[in-house]
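Descriptive structure summary
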Amino acid sequence: MDYFVLRFDHSYRKEDILALSKLSSRIMRKWRSRIMRIFCTVLGMGILGSGVAVLTLPGMTLNGIVWILLGVILLLVSVFYNRINAWGTRKQTLQVENLTIKFSDEGLAQSSSKAAASVPYHAFERLYHYRDRYFLFVDKLHAYILPKDRFVVGDSADFRAFIEAKTGKTVEYI
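Read on for a plain summary of the structure. (Residues numbered from 1 in each chain as written. Predicted model: local features only at pLDDT ≥ 70, side-chain atom pairs only at ≥ 80, totals over all residues. Heavy atoms only, no water.)

A short note on the overall build of the protein chain
- Looking only at helices and strands, the protein chain features five helices and nine strands.
- In the protein chain, the succession of α and β elements from N to C terminus is β-α-α-α-α-β-β-β-β-β-β-β-α-β.
- Radius of gyration (C-alpha) of the protein chain: 22 Å, far over the 16 Å computed for a compact globule of 174 residues.
- For the C-alpha atoms alone, the extent of the protein chain along its principal axes is close to 75 × 30 × 25 Å. (Helix = DSSP H or I, 4+ residues; strand = E, 2+ residues; numbered from the N terminus. Rg over C-alpha atoms; globule rule 2.2 N^0.38 Å.)

Next comes the structure, spelled out in structure tokens:
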């Protein structure tokens, strides 16, 4: 018997991948994300300031503009770090059509237009709920994203109790 079924016409949406990126930067890459953002901000501001200073020198207009552009790019990277990371992740995900994820007594069964796979419940290392989505991590790099609006069988409100009972792990709310 299938207790919960999710259907996707296409692969994950941009919002789902962005939510995964933000969740990962909060729980798994917390310090790396912060250090990267601080580094890009400080370096970007320094290069931007240097570019403005170089602009005041005679005959250095082009150099000043290049420095200013480089500083602005670094500042943009620090501001849009999660979006850039989500874009890279989206490029690496398998693009499928008609993806169906079913939860039964045995585990998760996934089928699509390209392949089918099953995952037993004991394979899930971590369970999270973040921004109206459940994230079931198989390891540090791979997770199933389950948006609440994709449940076609079973109620997403009952899913937490179900997955906690089947895995023996608690869903962490972030």
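Picking up after the structure, the text goes on.
With respect to the nonpolar core
- Of all hydrophobic cores here, the largest spans 33 residues; its most connected members are Ile 101, Phe 103, Phe 135, Leu 136, Tyr 144, Leu 146 and Phe 159.
- Of all the elements in the fold, those that place two or more residues in this core are strand 1 (4–8), helix 1 (14–27), strand 2 (99–103), strand 5 (126–129), strand 6 (133–137), strand 7 (143–147) and helix 5 (156–167).
- Take this core: its biggest share by element is five residues, from helix 1.
- Setting aside anything within four residues of it in sequence, one finds Phe 159 in contact with Phe 4, Phe 103, Tyr 134, Leu 136, Leu 146 and Phe 151. (Core = buried A, V, L, I, M, F, W, Y, C linked by side-chain atoms within 4.5 Å. Buried < 20%, exposed > 50% of the residue type's maximum accessible area, 1.4 Å probe, protein only. Contact = heavy atoms within 4.5 Å.)

Let's talk about the layout of surface pockets
- Approximately 1000 Å³ is the volume found for the largest pocket.
- Looking at the largest pocket, it is lined by 32 residues, and the ones nearest its centre are Leu 20, Thr 93, Leu 141, His 142 and Ala 143.
- Where the lining of the largest pocket is concerned, the elements lending two or more residues are helix 1, helix 4 (81–92), strand 2, strand 4 (116–120) and strand 7.
- Broken down by element, the lining of the largest pocket gets its largest block of residues, four residues, from helix 1.
- Looking at the lining of the largest pocket residue by residue, the classes come out as 18 nonpolar, 10 polar and four charged.
- Together, Lys 14, Glu 15, Ile 17, Leu 18, Arg 83, Ala 86, Trp 87, Arg 90 and Lys 91 line the second largest pocket.
- For the lining of the second largest pocket, the secondary-structure elements that each account for two or more residues are helix 1 and helix 4.
- With five residues, the single largest contributor to the lining of the second largest pocket is helix 4.
- Taken together, the residues of the lining of the second largest pocket sort by class into four nonpolar, no polar and five charged. (1 Å grid on protein atoms, 1.4 Å probe; cavity = no way out; pocket = protein on both sides within 12 Å on 5 of 7 lines; lining within 4 Å. Points joined across faces, edges and corners; volume = space filled by probe spheres on them. Nonpolar A, V, L, I, M, F, W, Y, C, P; charged D, E, K, R; others polar.)

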